[in-house]
Amino acid sequence: MAIVKNLSRTLSQLLQSPSCGCQTSLVPVRCIGVSPRQVTSDANFHSVSFSETDHPRVLITGGLGQLGVGLAKLLRKRFGKNNVILSDIRKPPDHVFYNGPFIYSDILDYKNLREIVVNNRITWLFHYSALLSAVGEANVPLARAVNITGLHNVLDIAAEHSLRLFVPSTIGAFGPTSPRNPTPDLCIQRPRTIYGVSKVHAELMGEYYHYRYGLDFRCLRYPGIISADSQPGGGTTDYAVQIFHDAIKNGKFQCNLKSDTHLPMMYIDDCLKATLDVMEVPAASLSMRTYNISAMSFSPEELVQEVKKHIPELQVTYNVDAVRQAIADSWPMNFDDSNARRDWGWKHDFDLSELVTTMFNILGSDSRVAHIN
Ligand SMILES: NC(=O)c1ccc[n+]([C@@H]2O[C@H](COP(=O)([O-])OP(=O)(O)OC[C@H]3O[C@@H](n4cnc5c(N)ncnc54)[C@H](O)[C@@H]3O)[C@@H](O)[C@H]2O)c1
Ligand SMILES: C[C@@H](O)[C@H](N)C(=O)O
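Being a predicted model, the structure only gives us computed values, none of them experimental. (Residues numbered from 1 in each chain as written. Chains lettered and ligands numbered in written order. Predicted model: local features only at pLDDT ≥ 70, side-chain atom pairs only at ≥ 80, totals over all residues. Heavy atoms only, no water.)

A. The overall build of the chain, seen in detail. Along the chain, the regular secondary structure elements total 17 helices and twelve strands. Relative to its full complement of 373 residues, the chain shows a buried share of 52%. Expressed as a percentage of contacts within the chain between residues at least 6 apart in sequence, the contacts between residues at least 24 apart total 78%. Accessible area of the chain: about 16700 Å², with a carbon and sulfur share of 53%. (Helix = DSSP H or I, 4+ residues; strand = E, 2+ residues; numbered from the N terminus. Buried < 20%, exposed > 50% of the residue type's maximum accessible area, 1.4 Å probe, protein only. Contact = heavy atoms within 4.5 Å. Areas by Shrake-Rupley, 256 points an atom, 1.4 Å probe, with all protein chains shown as cover.)

B. Structural view of the state of the cysteines. Inspection of the entire model under this criterion finds zero disulfides. Of the cysteine sulfurs around Cys 219, a residue in no disulfide, the closest is that of Cys 271, at 12 Å. Owing to a relative accessible area of 0%, Cys 271 belongs among the buried residues under this scheme. (Disulfide = S-S within 2.5 Å.)

C. Spatial organisation of the nonpolar core. The biggest cluster of nonpolar side chains holds 70 residues, and the ones touching the most others in it are Ile 60, Phe 244, Leu 303 and Trp 344. Ignoring sequence-local partners within four residues, the contact set of Leu 303 consists of Tyr 239, Ala 240, Ile 243, Phe 244, Phe 298, Leu 352 and Val 356. In this structure, Tyr 110, Leu 131, Val 146 and Ala 158 belong to the second largest nonpolar core, which totals 28 residues. (Core = buried A, V, L, I, M, F, W, Y, C linked by side-chain atoms within 4.5 Å.)

D. Just the packing of helix H11 (residues 239-250) against helix H16 (residues 352-363), in detail. Across the interface, H11 lies against H16 with an axial gap of 11 Å and an inter-helix angle of 50°. Put simply, H11 runs oblique to H16. In this structure, the crossing between H11 and H16 has a hand that is right-handed. Across the interface between the two elements, Phe 244, His 245 and Ile 248 of H11 pack against Leu 355, Val 356, Met 359, Phe 360 and Leu 363 of H16. (Axes fitted to C-alpha atoms, helices over the stretch in contact; angles between N-to-C directions. Parallel < 35°, antiparallel > 145°, perpendicular 65-115°, else oblique. Left-handed = near helix turned anticlockwise from the far one by under 90°.)

E. Region of the structure containing the packing of helix H13 (residues 300-308) against H16. Contact pair H13 / H16: the axes reach a minimum separation of 10 Å and the direction vectors enclose 55°. As summarised for this structure, H13 and H16 are arranged oblique, according to the angle between their axes. Seen along the crossing, H13 lies across H16 with a hand that is right-handed. Along its contact with H13, which presents Glu 302, Leu 303, Glu 306 and Val 307, the element H16 presents Leu 352, Ser 353, Val 356 and Phe 360.

F. Inspection of the pattern of salt bridges at higher detail. Under the defined criterion, the tally for this structure stands at twelve salt bridges. Between Glu 203 and Arg 221 there is a salt bridge; the shortest N-O distance is 2.7 Å. Remark: Arg 221 occurs in strand S6 (residues 216-222) and Glu 203 occurs in helix H10 (residues 194-213); sequence separation between them is 18 residues. The class for Glu 203 is buried, based on a relative accessible area of 3%. Here Asp 216 and Arg 218 are joined by a salt bridge, their closest N and O atoms 2.8 Å apart. The same class applies to Asp 216 and to Arg 218, which are both buried. Three or more residues are tied together by salt bridges with common partners; here these are Arg 164, Asp 216, Arg 218 and Arg 289. (Salt bridge = Lys/Arg side-chain N within 4 Å of Asp/Glu carboxyl O.)

G. Spotlight on the packing of aromatic side chains. Enumeration according to the criterion identifies 13 aromatic pairs in this entry. On the numbers, 5.4 Å between centres and 80° between planes, the contact of Phe 79 with Trp 124 is edge-to-face. Taken together, the residues Phe 79 in helix H5 (residues 68-79) and Trp 124 in strand S4 (residues 124-127) connect sequence positions 45 residues apart. Both residues of the pair, Phe 79 and Trp 124, count as buried. One aromatic cluster is present, formed by Phe 79, Trp 124, Phe 126, Tyr 128, Phe 166 and Tyr 222 through successive ring pairs. (Phe/Tyr/Trp six-rings, centres within 6.5 Å; stacked < 30°, edge-to-face > 60°.)

Here's what the structure looks like:
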């Protein structure tokens, strides 16, 4: 009975206090003990307070997708190879497996994830596992499980073990009733995909855990990311990655969006730089916990023009996919990222022409010539 009274007194004090991180950090989650899977003694034993002079111990979930391998490379350069663990449910290719620690981790397996965090004394977690927009619509139950239930596991473990947690959100967290040109950080968010709904949920849950339990949650809304690291993973913006592979392979590209569909896009190096920057910035500089970041906006026809500067013989046809087109038509055309630029100095380096040149440099224009001839 006394415990219940204490708990309700703590709760009412908490709910009356202003909603800023500094107030709630005085009442960390392990003291109030109401996190669903909290085991007090365990949490005290394993809680790691990250000292700024130490390197963080990093875990990346869903690390074998388009973005995770590049992130691991960047973080290993900065924090040391063995301080960054990549994880996924898929088998890693040789070049990933032999390049640093890799571990199997299914984010739906709460106990396994917790064991990995505890045994490896993880202090920072980058949560990349997800089903993207187009594949999410093709399998809503799986997308709901991975993107929502998986996130709950990650949030609880991060709160229990005092991790700094990064969760990427997306332009897909906005919908047809959001302002589209430009889209500010704070506005109506009524997405019409399970992917978008799950990402709004992630933003809100992360911010709630921050204010409620003092979780150091940090989130960036990424535009469509263009990367040469791996094959596209089922997103609506993936045409802008596929075009490079197809142009190099056979000089032909079939686009699944209308030629004039404008979407915010970014080269992967800018995306990863922003991700590391926002994780390193002192908490006092963050006036918000979820920020838009932006670099450029282009349509398929604008990208094709730029690609043709490198492969003039490229043949392009349009075969619009109704699901992807409806998604794209409900997303921002331009992103307003002025808060990120003001608060922590975000600045992109790559524009469209640099992005295209860099993609061809990496994917190799020589193999293109060999193929076409
Ligand atoms: N790529 C983009 O353009 C883009 C844009 C905005 C936001 N994001 C976000 O960035 C993150 C990474 O994106 P990406 O493009 O690398 O995605 P991706 O689809 O290429 O990779 C996602 C990874 O998650 C893994 N995964 C699926 N189910 C899992 C489970 N149960 N447990 C563990 N891992 C699981 C998959 O095996 C895959 O390797 C995602 O959260 C995505 O929403 C990406
Ligand atoms: C935009 C982003 O979240 C992802 N590339 C998708 O299209 O689903």
